[in-house]
Amino acid sequence: MITGKMFRDGIISASNNIANSRQAVDALNIFPVPDGDTGTNMSMTIGAAAKEMAVLPDDCTIGDASARCASALLRGARGNSGVILSLIFRGFSKAFKGLKEADGKAIAKAFAEGVDAAYKAVMKPTEGTILTVIRMAAEAAAELSKNVNDPMEVALAALIAAKEALAKTPEQLPVLKKAGVVDAGGQGLVLILQGFESVFDNAAIVQPLDGSAVTPAAMPSKSTVAAASDDIEFGYCSEFLIEKADDAKEKDPLKLRAFLESIGDCVVVVDDSDIIKVHVHSNQPGNVIQAALKYGQLINIKIDNMRYQHRNADEGVKDGEAPVFPKADPVNDYGFVAVCAGEGLSELFKDIGADVVVSGGQTMNPSTDDILNAVNATPAKTVFVLPNNKNIIMAAEQAIPLAEGREVRVLQTKTIPQGISAMLMFDEFDDADANQMNMMEAAENVSTAQVTFAARDSEIDGTPIEQGAIMGLCNGKIKFTGTDIADIAFKSADKIFKKNQSSLITIIYGEDADEETAAAVEEKLRAKYGSDVEINVVNGGQPIYYFIISVE
């Protein structure tokens, strides 16, 4: 039988195993644009669960361990691959619910539930991906469990089938075959299953290699975090999780929130199925802890002296930490959360109405929990979320059922210009449905050009691309390569310009470009299109992209 302890150790082992190989998985991405990457996203996602597992006792049940795991994965999911991974384990949790241990049939059911949850979340499933790998693993587990009830053998059969399915992914996706690689998400899943195998077969947790750990990159700007003050009213920041106890003296989290609000501010009390997440600024951290202990045992406790930090730091946020957004009451009808990277873009989104800006984008996809915290900090009954990146949309959508006391609507904006145009179309006198439709229509009418560099050697449509080459992307497709940033920017903007239809061009230059280069691009465009076209230049400060250019 597979016990809760074995499942717990399996998650930790799996997290270490993929972390050890995450850069190799990242390298399997065939598109040369630098991004958050599959290995990194999957590693960070399951790493969130490993932290939860590390505090579980040896006598935990597999039902309890898998539920805690699924909850942590849901909140920590990053990127599409991370979300799919979290859904697979949500299926596992559903199958193991109420079980102390799992036999072979329960393992097979877990894989089947995982497949069902993952496929349902993808509108157009593509074979030759992580979906195929988990499906083939589930089918092998189901077949063996008809005659064999040994969970170790069933789990091993699933792993063998997953490896075989992964090896066949190049035959299912021509782009993989051409690049000579297997699917990155599928490879990540196999590494995770191999981490479990080490525990199940050898009772040994895969150990992390030096330098393998990955932590969220801190990209907050001074404008993202409230300015510190020498006269801080509440000096201690307390943050922890409460593991609910069946015999707890107190059950109602609202009572805890009311108490914390009476002794401090920036109170966040998020009630999940098994845990309560708490954040508060107070002058009495001991009283905070004593009140919380009435609900269960405390884990991941962190108490910071903010006055001390303010005296000893130039920034309001410590390295490696994301800003904490204090929870707000939903007093307004509508509010907005936007995701972007770059101080200029952050200020731009705030200027056009964003209540909260989540720092992130191509190089660091924010987690579901990051977006959820931003939503709960938005003082509105209906919150529109603008991910502004196709790899953040799924994580944002996972926050919808988790938000407290407000409706969340995720607009499927895939670029920064789409997000800007969507927000500008908002009409406070329209209802939520009309606004969502009109905002998305505006977003879809925007064409976007992006200028960046090749992160790896690649070949697109028969054209070789060397690492470091300047690339021009037109609506997500690589159309130009070269060495001159301004020239590639002009060609890319010109490519998406529609004669007799386009009338506005916005040039957003990033932290690795400058105003002079932006002016050169503007001059070339003015020379071609004359006074009939309005051209704006904005200092976005975004990383990775020298230019983001919108044409409307």
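Structure's up top.
Residues numbered from 1 in each chain as written. Predicted model: local features only at pLDDT ≥ 70, side-chain atom pairs only at ≥ 80, totals over all residues. Heavy atoms only, no water.

Enquirer: Please clarify how the sheet that holds strand β4 (residues 264-271) should be interpreted in this entry.
Expert: Backbone-to-backbone hydrogen bonds pair the strands of a sheet. The strands run either parallel or antiparallel. As summarised here, the arrangement of the four strands in space is β4-β5-β3-β6, forming an open sheet in which the pairing is antiparallel. Pairing within the sheet leaves two strands with one partner each, and these edge strands are β4 and β6 (296-305). Across this sheet, the average inter-strand angle for adjacent strands is 10 degrees, counted without regard to direction. Across eight bridges, the pairing between strand β3 (residues 236-244) and β6 is antiparallel. Looking at β6, one finds that glutamate 239 is bridged to lysine 302. Against the sheet, helix α11 (residues 253-263) engages β3, β4 and β5 (275-282), with an angle of about 170 degrees to β4. (Pairing = 2+ DSSP bridges. Helix = DSSP H or I, 4+ residues; strand = E, 2+ residues; numbered from the N terminus. Axes fitted to C-alpha atoms, helices over the stretch in contact; angles between N-to-C directions. Contact = heavy atoms within 4.5 Å.)

Enquirer: I would appreciate a short explanation of the side chain of glutamine 450 in the present structure.
Expert: Checked against the element boundaries, glutamine 450 lands in strand β11 (residues 447-453). Classification of glutamine 450 by relative accessible area gives buried; the value is 11%. (Buried < 20%, exposed > 50% of the residue type's maximum accessible area, 1.4 Å probe, protein only.)

Enquirer: What's the story with the pattern of salt bridges in this structure? I'm lost.
Expert: Where side chains of opposite charge bring their charged atoms close, a pairing between them can arise. According to the stated counting rule, one finds 23 salt bridges in the structure shown. One salt bridge in this structure joins glutamate 139 and arginine 135, with 3.2 Å as the shortest N-O distance. In this pair, glutamate 139 and arginine 135 are both assigned in helix α7 (residues 130-145), four residues apart and thus about one turn of the helix distant. Using a relative accessible area of 42% as the deciding quantity, one classes glutamate 139 as partly exposed. For arginine 135, a relative accessible area of 24% corresponds to the partly exposed category. One salt-bridge network, held together by shared partners, links Lys5, Arg8, Asp9 and Asp58. (Salt bridge = Lys/Arg side-chain N within 4 Å of Asp/Glu carboxyl O.)

Enquirer: Please clarify how the packing of aromatic side chains should be interpreted in this entry.
Expert: Each pair of aromatic rings is reported with the distance of its centres and the angle of its planes. Per the counting criterion, the structure on display carries 13 aromatic pairs. Here phenylalanine 7 and phenylalanine 96 contribute two aromatic rings whose centre-to-centre distance is 6.2 Å and whose plane-to-plane angle is 80 degrees, an arrangement assigned as edge-to-face. With phenylalanine 7 in helix α1 (residues 4-20) and phenylalanine 96 in helix α5 (residues 79-96), this residue pair connects regions lying 89 residues apart in the sequence. For phenylalanine 7, a relative accessible area of 3% puts it in the buried group. With centroids separated by 3.9 Å and ring planes inclined at 25 degrees, the aromatic side chains of phenylalanine 497 and tyrosine 529 adopt a geometry described as stacked. With phenylalanine 497 in the loop between α19 (485-496) and β16 (504-509) and tyrosine 529 in helix α20 (residues 515-529), the pair connects residues that are 32 residues apart, well separated along the chain. Of the two residues, phenylalanine 497 and tyrosine 529, both sit in the buried class. An aromatic cluster of three or more residues is present, and its members are Phe7, Phe89, Phe92, Phe96, Phe111, Phe196 and Phe200. (Phe/Tyr/Trp six-rings, centres within 6.5 Å; stacked < 30°, edge-to-face > 60°.)

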